[in-house]
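Single-letter residue listing:
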Amino acid sequence: MLLARLAEVSHQVAATSARSRKIAALADLFSATTPEEAPLVIAYLAGRLPQGRIGIGWRTLKESVPPASDATLTVADTDAALSLLARVAGPGSQAERQRLVRELMRAATAAEQQFLVRLLTGEVRQGALDAIALEGVAKAAAAPAADVRRAVMLEGSLPRVAQVLLAEGPAALERFQLRVGSPVHPMLAHTAKSVTEAIAALGPCVVEEKLDGIRVQVHRVGDDVRLYTRSLDDITDRLPEISAVARELPGDRFVLDGEVIALDAAGRPVPFQDIASRVGSRVDVATAAAALPVSPVFFDVLAADGTVLVDLPGHDRHAALARLVPEPMRVRRTVVEDPGDPAQTGAAEAFFADTLARGHEGVMVKALDAPYSAGRRGRSWLKVKPVYTLDLVVLAAERGSGRRTGTLSNLHLGALAADGTYVMLGKTFKGLTDAMLQWQTERLRELAVEDDGFTVRVRPELVVEIAYDGLQRSPRYPAGVALRFARVVRHRPDKPASEADTIDRVLAGGPGAQPSTGPEPHADGPEPQADGPGPPTDGAEPTTDGPGPPTDGPEPPEAGPQSSSVV
């Protein structure tokens, strides 16, 4: 397949918001894709490189190279060139990478060059996520999407399933089954704004603590234990104490779903970043384990004694979990058998309050009769946690890509400092409707003071209300913290920048960081870090002069209905 064809479809998918059109375009593409090419095509559409990080950034790509007049570069050619780039190391590597990039760009047409730049810099954001690509593969192969989805959840890889499906047809899907020792995508959850709302939506349910740890999937066959993260990375060697726990459990050939957490001396959960750092430690694991011992808390079982349990209702799976895992290692929970009983609903709300008081994130509300829909954002699991809001000032905005080309999208957000300047706390492009994005772009162009082609710095006058889940440590920002999962609730042109929330208030968790009563407004999909990636932000963070006066102008559009987020 020519890279030009893939680049064209990527552009088509980016240009439409209609899911049906995205799927149709992808189905046409996969119909022309050989089974061997399918993994590469899926990876490139999602903006992923099979080689991982290859050391190519904007500095290497800034040189203009005359494009090819005719499209001859194939997807396989591109993969081979990127594999060469990934292997470059040692003295002279920068010059060699530059030479190989020039060679690749000379073979690419102008449209292919644009796609390659976005691919190499992580800027492929056209909505061709795995869920939509899965639908496209299913349509191309004339296979039921539900069957393909199940095969992917059990195999843990859309590229592998797509390759077999395109080669052998729908009948081949039957070979994909849950295998102990092979990770599966975890079940995900949507959001509810309160426990009462979640109970009303689900009926008979269980309310469980939502722990802010690392999701872990534990597989055991005999004495062989494997540990996998939510993204299916094997972390067995990093968590020897979890493996030891798994070996002590009764039974065999099981798969458990849970969280790895750590508690401080007072019995309260340590910050997520500390746990992530511990789990990410690959060197001197023994020292890391001694410094921060972790423990598992399990909430589900996918297989036990070789029997696959994912299709059983939740209450049956929990009974199997209770036989396998002792109570101290199971998540705390309370059952609501009768949603119409005010006493049971009140007890569930009290459980939520107690969970927050214990220092945990919130709760998960799960339908008692729901199967384990691995890899799905099932409506039978709903998360409830407090949401906080701040009024912050826009310091700059990055130019949008994909459907947002021509707009100013990713906002740089700052809190007011005591000296009248602003302290940057992160960035976000989440929560914006098309109408809000258009209004924001027009307003920020009026405030622009500097434009480097990627980032537009503005006079610090526009205030935005931002919802976020909390603070996390970040050395990238002056205050040493960043907003976690920030998203725009609304623009506040009625509020002068001098009345924005102060950095002292943010750090103290004062009035400017009180829980919001509304639902979490950011979209489905992987949640980016508040200081998410993007080449326009390389180097120093933007600085601004003091606050400017508020300006009159047209009222911004209201935020439209927002979709839920996932765990």
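Residues numbered from 1 in each chain as written. Predicted model: local features only at pLDDT ≥ 70, side-chain atom pairs only at ≥ 80, totals over all residues. Heavy atoms only, no water.

Our next topic: the overall build of the protein chain. For the protein chain, the count of helices and strands is 18 helices and 20 strands. Evaluated residue by residue, the protein chain yields a buried proportion of 53% over its 567 residues. When contacts within the protein chain are restricted to residue pairs at least 6 apart in sequence, those whose partners lie at least 24 apart make up 74%. Surface exposure of the protein chain reaches about 24,500 Å², of which carbon and sulfur atoms provide 51%. (Helix = DSSP H or I, 4+ residues; strand = E, 2+ residues; numbered from the N terminus. Buried < 20%, exposed > 50% of the residue type's maximum accessible area, 1.4 Å probe, protein only. Contact = heavy atoms within 4.5 Å. Areas by Shrake-Rupley, 256 points an atom, 1.4 Å probe, with all protein chains shown as cover.)

The periodicity of an α-helix, 3.6 residues per turn, causes residues three or four positions apart to be oriented the same way. When we look at burial in helix α11 (residues 195–202), the residues that qualify are V195, A198, I199 and L202. The arc that holds every buried residue of α11, seen down its axis, measures 100 degrees, which confines them to one face. Exposed positions of α11 whose direction lies more than 90 degrees from the buried face are A200 and A201. Each element contacted by the buried residues of α11 is listed here: β2 (205–210), β8 (333–336), α16 (342–357), β9 (362–367) and β10 (377–384). Taken from the residues just after α11, G203 is the one with a positive phi, measuring 80 degrees. (Arc of directions from axis to C-beta.)

A few words now on the side chain of S182. In this fold, S182 is placed in the loop between α10 (158–168) and β1 (188–191). S182 sits in the buried class, given a relative accessible area of 12%. Non-local contacts of S182, meaning those with residues more than four positions away in its chain, are made with E155 and H219.

A word on the sheet that holds strand β4 (residues 224–229). An order of β4-β3-β5-β6-β7 is seen for the five strands of this open sheet, with the pairing classed as antiparallel. The sheet is open, and its two edges are formed by β4 and β7 (307–308), each paired on a single side. Taken together, the two bridges between strand β6 (residues 295–304) and β7 define a ladder with antiparallel strand orientation. The residue of β7 that forms the bridge with A304 is T307. Here helix α13 (residues 272–280) sits on the sheet in contact with β3 (214–221) and β5 (254–261), set at roughly 40 degrees to β3. (Pairing = 2+ DSSP bridges. Axes fitted to C-alpha atoms, helices over the stretch in contact; angles between N-to-C directions.)

If you check the backbone angles, R253 has positive phi at about 50 degrees while not being a glycine. With respect to the helices and strands, the residue R253 is situated in the loop between α12 (240–248) and β5. Of note, D284 is a non-glycine position whose phi angle comes to about 55 degrees, a positive value. Turning to its location among the elements, D284 is positioned in the loop between α13 and α14 (285–291). For D284, a relative accessible area of 47% gives the class partly exposed.

Before going further, it helps to spend a moment on the confidence of the model for the protein chain. The predicted model of the protein chain averages 86 in pLDDT, with 88% of residues at 70 or higher. The model gives residues 560–567 a pLDDT under 50, and that stretch makes 37 contacts with residues more than four places away or in other chains. (pLDDT = per-residue confidence, 0-100.)

Turning to the packing of aromatic side chains, a few remarks are in order. Across all of its chains, the model carries three aromatic pairs by this definition. Relative to W381, the ring of F299 has its centre 6.4 Å away and its plane inclined at 80 degrees; by these criteria the two rings are edge-to-face. Pair noted here: F299 is in strand β6 and W381 is in strand β10, with a separation of 82 residues, a long-range link. Relative to Y468, the ring of Y388 lies with its centre 6.1 Å away and its plane at 45 degrees, an arrangement referred to as tilted. Taken together, the residues span a long stretch of sequence, with Y388 in strand β11 (residues 387–399) and Y468 in strand β16 (residues 463–468) at a distance of 80 residues. Accessibility expressed as a relative area gives 3% for Y468, which makes it buried. Each residue in the set F299, Y372 and W381 is aromatic and connected to the rest through ring pairs, giving one cluster. Between the NZ or CZ atom of K366 and the centre of the ring of W381, over which it lies, the distance is 3.9 Å. Over the ring of F272 we find R484; its NZ or CZ atom is 4.7 Å from the centre of that ring. (Phe/Tyr/Trp six-rings, centres within 6.5 Å; stacked < 30°, edge-to-face > 60°. Lys NZ or Arg CZ within 6 Å of the ring centre and 35° of its normal.)

Take L263: it is sitting in the loop between β5 and α13. Leave out the neighbours within four places in its chain, and L263 touches R268, P269 and V270.

Glancing now at the nonpolar core. If you look at the biggest cluster of nonpolar residues, it comprises 57 residues, and the most contacted ones within it are F30, Y44, L82, F115, V148 and L173. Here this core gets six residues from one element, more than from any other, and that element is helix α3 (residues 38–45). The contacts of V148, once residues within four sequence positions are left out, are L134, A138, A143, V161, L165 and L173. (Core = buried A, V, L, I, M, F, W, Y, C linked by side-chain atoms within 4.5 Å.)

Turning next to the environment of E499. Examined against the element boundaries, E499 turns out to sit in the loop between β19 (487–491) and α18 (503–508). Residues E499 and L392 lie 107 residues apart in sequence; the distance between their C-alpha atoms is 9.2 Å.

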